[in-house]
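Breakdown of the fold
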Amino acid sequence: MVENRRVRRPSPAASSLSFAEVEIFRGRINAISDEMAIVLARTSMSPVIYEVLDFSCGICGPDGRLISQANGITAFTGIYAHLIKAIRRKYGHNIRPGDMFITNDPFVGHTHTADVAVIDPVFFEGGIVAFAVSIAHWAELGGAVPGSLSPTASEIYQEGLRFNSLKLFREGYREENIFDLIRLNVRLPEMTLGDLQAEIASVRIGALRIRELCERYGSGKLELAFQEILKVGEAVGRRSVAALPNGSYLAQDWIDGDGLSSDPIPIQVAVTIANDLMTVDFTGSSAQRNSPLNCTKGALEAAVCTIFKAIVDPVRALNDGCFKALKIIVPDGTIFSAQKPAATGWYYEVTAHAIDLVWRALAPILSARIGVGHYLSLCVSYIGGKDPKTQLPFVVVEPHVGGWGARAGSDGENALIGVTDGQSCNYSIELFETKYPIRINEYSLNTAEAAGPGEFRGGLGKVREYEMTAEDCFMYASAGRSVHKPWGYNDGGEGSSNIVELIRNGTVQRAARMPYTPLNKGDRFRVLTSSGGGYGNASERSKAAIRSDVKRGYVDRKTARHLYGYVEFDGNQNLPEPLIDRGS
């Protein structure tokens, strides 16, 4: 029920805030977002939330614009406002104290059905002063396959339940029909409803903290603080764009098939910088696909906002003001702007390409600040079945780490999560082997293929091998960048490829996008992620760097000789001079 509130006089209007007051509010609001994230992680039931950290929490103003977002999944950058505006359009003035909403509809600005948002309007003195938002990946939402995101889905109806800005609570009372709908239509109801309760707890603590700020300082000052935070964000964004050279920068690429067809899918972007405005235009990219490799405009906007933020202001806390210096153009019906009823389950493969296109287009003017091509695809795998110990079904969703590209002056990083997943973590081996009938046989850097060669080499990907210790299990996975490899720059070489291997009955099956596949005890599958691209000509790589790579096992002697022109050496001698003349 809604708590009883005594009648209060409206807060006296504040005309301005000092710099110190703005910074106090900024710090308090950022702390609220962080506290929401802690509550969500500590109370959730799914490892993809509490272990991988596949979620996002934040505070928005009454108009829906983002004021603060906790560090987390970058794929949610910029979508909060779309979700809140959809609620405003649907309910108008029929939003009451105690109402709380649930939404996961990609066609109102969200990502895919598995990312479920819970939104709590924060009322104070009779009006909405803010919204507390929590978005988390649910490991099970019904649909065609366990885990909900079939790699062969052709329309969104195969991807589980869709909540179109529904009231989860109405004036403080729980809408039991919504909870019953979820309970009856998902394969793991206890875990799914537990994760929902964690999101509810998260937004409630956010709403409580915002009301405490209003109690102490007044809602007028809070509104002014929101305005100042957005104003500073806009100023920083515009100033940073204005510092870049005016001009148009182009990039083209291909997505390596969609799982139903292996035909390459053409995509392109034109980035135009005109004074303090950056325009990103995806006109000319492929039409939407009859597969889950699509994203909607909201997800595309989140992707472009991610790379824009990385370019203009990577350190300062995030808010929507920053993006006033950004304009995004995309016609309807492309792979970046899919229309109903397109499937969008594997949207993150598409948005990763959108980020990479902008990244690549701006490489000529930003190569010292951002790396070259990285492994890009999260190569997400799903494993599930029935645990013989508990006799309960299980589903494990795992995004995989990979190699990042080099940049001017630095090698790429080894085995980091992809750009769309921000601060996500990989699963610990102990969690797998303790919680599920799975054994991890190998978790190592992928040195089978050398990293993208260059004066500065790409970072290495990884190998993860799973062995099933029970019967009647399954897996499915999707890995991009399996044909068109991570790009190098300034004479740097390409990285390697992402691939999935299924090993059973003495055979090895290799594929990039592997559909739902039954597994039995003793069956193994491996996810091998790629290295990043290299920067600069390989002939300029220092002897010390090559020597270090050989000693660490990052590259074998034969490959070092082939790529860098070095002959073998024994352990008692220094690495000889190169066979090619490298100059001084």
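Residues numbered from 1 in each chain as written. Predicted model: local features only at pLDDT ≥ 70, side-chain atom pairs only at ≥ 80, totals over all residues. Heavy atoms only, no water.

Description of the side chain of Thr77
Take Thr77: it is sitting in the loop between strand 2 (66–69) and helix 3 (80–91). In this structure the side chain of Thr77 is engaged in a polar contact, spanning 2.8 Å, whose partner is the backbone oxygen of Thr74. Thr77 has contacts with Gln69, Glu301, Ala302, Cys305, Thr306, Leu318 and Phe323, leaving out every residue within four places of it along the chain. (Helix = DSSP H or I, 4+ residues; strand = E, 2+ residues; numbered from the N terminus. Polar contact = N/O pair within 3.5 Å; in protein donor to acceptor, adjacent residues only side chain to side chain. Contact = heavy atoms within 4.5 Å.)

As for the packing of helix 1 (residues 19–43) against helix 5 (residues 189–217)
Relative orientation of the contacting elements helix 1 and helix 5 amounts to 160°, with a least axis distance of 8 Å. Taken together, the axis directions place helix 1 and helix 5 in an arrangement best described as roughly antiparallel. Considering the relative orientation of helix 1 and helix 5, their crossing is right-handed. Class assignment for the residues of the contact of helix 1 with helix 5 results in 14 nonpolar, four polar and five charged. (Axes fitted to C-alpha atoms, helices over the stretch in contact; angles between N-to-C directions. Parallel < 35°, antiparallel > 145°, perpendicular 65-115°, else oblique. Left-handed = near helix turned anticlockwise from the far one by under 90°. Nonpolar A, V, L, I, M, F, W, Y, C, P; charged D, E, K, R; others polar.)

Observations regarding the pattern of salt bridges
Think of it this way: side chains of opposite charge can pair up when their charged atoms draw near. Evaluation of the coordinates by the stated rule reveals 33 salt bridges. The salt bridge involving Lys309 is made with Asp313; its shortest N-O contact spans 3.9 Å. Lys309 sits in the buried class, given a relative accessible area of 10%. The class for Asp313 is buried, based on a relative accessible area of 11%. Between Arg510 and Glu501 there is a salt bridge whose closest N-O contact spans 2.4 Å. With a relative accessible area of 8%, Glu501 lands in the buried category. Through salt bridges with shared partners, a single network forms among Glu442, Glu465, Glu501, Arg510, Arg524 and Arg526. (Salt bridge = Lys/Arg side-chain N within 4 Å of Asp/Glu carboxyl O. Buried < 20%, exposed > 50% of the residue type's maximum accessible area, 1.4 Å probe, protein only.)

Focus on the packing of aromatic side chains
Summed over the entire model, instances satisfying the criterion amount to 21 aromatic pairs. Each ring, one from Tyr91 and one from Phe101, has its centre 5.0 Å from the other, and the planes form 55°; the classification is tilted. Of this pair, Tyr91 sits in helix 3 while Phe101 sits in strand 3 (residues 100–103); the two residues are 10 residues apart in sequence, bridging distant segments of the chain. Note on accessibility: Tyr91 and Phe101 belong to one class, buried. Between Trp138 and Phe163, the ring centres sit 6.3 Å apart and the planes meet at 65°, which makes this aromatic pair edge-to-face. (Phe/Tyr/Trp six-rings, centres within 6.5 Å; stacked < 30°, edge-to-face > 60°.)

What about the layout of surface pockets?
In this structure, the largest pocket spans a volume of roughly 1,000 Å³. Sort the elements by how many residues they give to the lining of the largest pocket and helix 7 (residues 297–312) lands first, with four residues. Among the residues making up the lining of the largest pocket, the classes are represented as 14 nonpolar, 15 polar and seven charged. (1 Å grid on protein atoms, 1.4 Å probe; cavity = no way out; pocket = protein on both sides within 12 Å on 5 of 7 lines; lining within 4 Å. Points joined across faces, edges and corners; volume = space filled by probe spheres on them.)

Things to note about the side chain of His353
Along the polypeptide, His353 turns up in helix 8 (residues 347–361). The contacts of His353, once residues within four sequence positions are left out, are Asp253, Trp254, Ile255, Ile267, Leu376 and Arg481.

A look at empty space enclosed by the protein
A full pass over the atoms with the stated rule returns four cavities of 30 Å³ or more. One number sums up the size of the largest cavity: a volume of about 140 Å³. Forming the boundary of the largest cavity are 17 residues, of which Asp54, His137, Tyr348, Leu378 and Asp421 lie nearest the centre. The residue inventory of the lining of the largest cavity, partitioned by class, reads 11 nonpolar, three polar and three charged.

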